[in-house]
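Residues per chain, in single letters:
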Amino acid sequence: MADLDTAVGASSNTLQAYGRDLKSFLGWLDVKKKSNLTGLKPKVVQGYLNDLSKGVVTGHELTPASCARALAAIRGLATYCVEQRLCQSDFTAGVYAPSGPDRLPKAISVDEMTRLIESGEVTSPQGVRNRAFLELLYGCGARVSEAIALNVGDIDLSTKSVVIRHGKGGKQRVVPLAGSAARALEAYLVRARPAFVKDKSERSLFLSTRGQRLSRQSAWNIVKDAAEKAGLSEDISPHTFRHSFATHLLDGGADVRVVQELLGHASVATTQIYTLVTIDRLRETYVTSHPRALSS
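Residues numbered from 1 in each chain as written. Predicted model: local features only at pLDDT ≥ 70, side-chain atom pairs only at ≥ 80, totals over all residues. Heavy atoms only, no water.

Student: Just checking my understanding: could you explain the packing of aromatic side chains for this structure?
Tutor: Each aromatic ring pair is specified by the distance between its two centres and by the angle formed by the two planes. Per the stated rule, a full pass over the model turns up four aromatic pairs. When the ring of Tyr188 is compared with that of Phe206, the centres are 5.4 Å apart and the planes differ by 25°; the resulting orientation is stacked. With Tyr188 in helix H8 (residues 179-196) and Phe206 in the loop between H8 and helix H9 (216-230), this residue pair connects regions lying 18 residues apart in the sequence. Side by side, Tyr188 and Phe206 carry an identical accessibility label, which is buried. (Phe/Tyr/Trp six-rings, centres within 6.5 Å; stacked < 30°, edge-to-face > 60°. Helix = DSSP H or I, 4+ residues; strand = E, 2+ residues; numbered from the N terminus. Buried < 20%, exposed > 50% of the residue type's maximum accessible area, 1.4 Å probe, protein only.)

Right, dumping it as structure tokens:
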């Protein structure tokens, strides 16, 4: 499977998710008394995905994206089994991931985002760090994994830009930093980061109180704490910043292909889902504002 992992160029988070998916699948097969992969049939795999979608396997319904990821992991297993002659045919042939209703990305308003970012104090090193982290998430639309992977050298305050590297294939993109994000990062680098440094050779941009690279869980906690202080009842996550970044740019008239480049999407089709969010917002404004929109 190592060769397969290298071939797809997946990030470590994706590989871990594939591992969990395969463990779940093999556990389900064991319960169903069908753990012999040699004679496994596609209809059995389809049954697993259907159970997964309905929540039979995990106790809660999985999204179409999660089911598709599980199928990708199982396809990798099938390919490996065929190559190693552990089975005669691909037991995922004709199998499809159950679909569900499309869910539009969740974005909050500009005012809510401002309140969220400015909710914390900026007098302590930790407060300055948290503000810089939130400003960066919204200022450049980075994924949380990309944000915590940044090193000091990835930030160029002279050109107000940041180099973001993505795990899928090791791609990178250069994204401009908004004025407030650049100022927050400069304040963090000058006033706060030195207080966290334990090892002068540490190049991670965002550091924990122990002087290590900020963890994914700590990043989530920063966002959750800020949302609570801002009084936002919505389910706010680091990805909310990315969704809001894209939606607000499109609301402001940005070209969808420019937003595609800023987000690091391989295909513009992935970015175009945000245009649906904008259209929905325009429709809502139209219905509530036009004098004849609700007339029968």
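Student: Help me understand the sheet that holds strand S1 (residues 155-156), please; the structure alone is not making it clear to me.
Tutor: Strand order in the open sheet made by the three strands is S1-S2-S3, with antiparallel pairing throughout. Because the sheet does not close on itself, it has two edges, and the strands there are S1 and strand S3 (172-176). In terms of strand pairing, strand S2 (residues 161-165) meets S3 through five bridges, oriented antiparallel. Looking at the pairing, Ser161 lines up with Pro176 of S3. (Pairing = 2+ DSSP bridges.)

Student: Is there a simple way to think about unusual backbone geometry in this case?
Tutor: A negative phi angle characterises most non-glycine residues, just as the trans form characterises most peptide bonds. Of note, the phi angle at Lys33 is positive, near 60°, even though the residue is not glycine. With respect to the helices, strands and loops of the structure, Lys33 is situated in the loop between helix H2 (12-31) and helix H3 (42-54). What makes Lys33 exposed here is its relative accessible area of 74%. Phi is positive for Arg85, close to 60°, though the residue is something other than glycine. Along the polypeptide, Arg85 turns up in the loop between helix H4 (64-83) and helix H5 (110-117).

Student: Please clarify how the environment of Asp51 should be interpreted in this entry.
Tutor: Structurally, Asp51 is set in helix H3. With relative accessibility at 16%, the residue Asp51 sits in the buried group. When the C-alpha positions of Asp51 and Leu62 are compared, they lie 9.5 Å apart, and in sequence the two are 11 residues distant. Setting aside residues up to four positions removed in sequence, Asp51 forms contacts with Trp28, Lys32, Val56 and Val57. (Contact = heavy atoms within 4.5 Å.)

Student: Before we go on, may I ask you to explain the pairing of S2 in this structure?
Tutor: For a regular strand, the rule is simple: side chains alternate between the two faces of the sheet. Alignment of S1 against S2, held across two bridges, turns out to be antiparallel. In the strand pairing of S2, Ile155 is matched with Val162. The loop that links S1 with its antiparallel partner S2 comprises four residues; one of these, Lys160, has a positive phi angle of about 50°.

Student: Just to check I follow, could you spell out the side chain of Arg129 for this structure?
Tutor: Along the polypeptide, Arg129 turns up in helix H6 (residues 125-140). Asp225 provides the closest opposite charge to the buried, salt-bridge-free Arg129, at an N-O distance of 8.0 Å. In this structure the side chain of Arg129 is engaged in a polar contact, spanning 3.0 Å, whose partner is the side chain of Asn130. Look past the residues within four positions of Arg129 in its chain and what remains in contact with it is Tyr188, Ala192, Phe196, Phe206, Leu207, Ser208, Thr209, Leu214 and Ile222. (Lys, Arg positive; Asp, Glu negative; His and termini not counted. Salt bridge = Lys/Arg side-chain N within 4 Å of Asp/Glu carboxyl O. Polar contact = N/O pair within 3.5 Å; in protein donor to acceptor, adjacent residues only side chain to side chain.)

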